[in-house]
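# Architecture and fold: a report
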Amino acid sequence: MQNNLFYCYSFKLAYFIKSQGMNYINKGRNRNNGLTYYVFKKSKELDEIIELWNKLKEAKIQNEF
């Protein structure tokens, strides 16, 4: 069985995904560590948004040097 859900523990990434027009389907708190997570349905669009996030993050890191 394939997991079609993306659990996001980064508030910044979750906010970025929402800013790109995707809403999370659930929000919860991990019982073991108390961290908040956001659940998104996996899709090609979500993959593209995460890829953009990673590119922007990498560009920011490179500009800091």
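That block above? That's the structure.
Description of the structure in this document.

Calculation notes
- Counting restarts for each chain: residues are numbered from 1 in the order of the written sequence.
- Local features in this predicted model are restricted to residues whose pLDDT is 70 or higher, and side-chain atom pairs enter the listing and the counts only when it is 80 or higher, whereas totals over whole chains, interfaces and linings include all residues.
- Hydrogen atoms and water are omitted, and side-chain values are computed over all heavy atoms in the structure.
- By the convention used here, strands pair only if DSSP detects at least 2 bridges between them.
- Put simply, DSSP marks the helices as runs of H or I at least four residues long and the strands as runs of E at least two long, and each gets a number from the N terminus on.
- Note on geometry: axes are lines fitted to C-alpha atoms, helical ones only across the stretch in contact, with angles between N-to-C directions running from 0 to 180 degrees.
- To count toward a patch, a residue needs a relative accessible area over 30% and no salt bridge; like charges are then connected within 9 Å, while nonpolar side chains (Val, Leu, Ile, Met, Phe, Trp, Tyr) are connected within 5 Å.
- Residue burial considers only the protein chains on display, and all accessible areas are found by Shrake-Rupley using a 1.4 Å probe.
- What counts as a salt bridge is simple: a side-chain nitrogen of Lys or Arg found within 4 Å of a carboxyl oxygen of Asp or Glu.

### Details of the sheet that holds strand 1 (residues 5-8)
Hydrogen bonding along the main chain pairs the strands of a sheet, whether they run parallel or antiparallel. One open sheet accounts for three strands, arranged 1-3-2; its pairing is antiparallel. In this open sheet, the two strands that pair with only one neighbour each are strand 1 and strand 2 (26-29). In this sheet, adjacent strand axes meet at a mean angle of 25 degrees when their direction is disregarded. The sheet contact formed by strand 1 and strand 3 (residues 36-41) spans four bridges and is antiparallel. Considered in strand 3, the bridge of L5 is made with K41.

### Overview of a nonpolar patch on the surface
Among the surface-exposed residues, Y7, Y9 and L35 lie close enough to one another that they form a single nonpolar patch of about 300 Å² accessible area. Looking at where Y9 falls in the secondary structure, it is placed in the loop between strand 1 and helix 1 (11-19).

Purely geometric stuff here, so don't read any function into it on its own.
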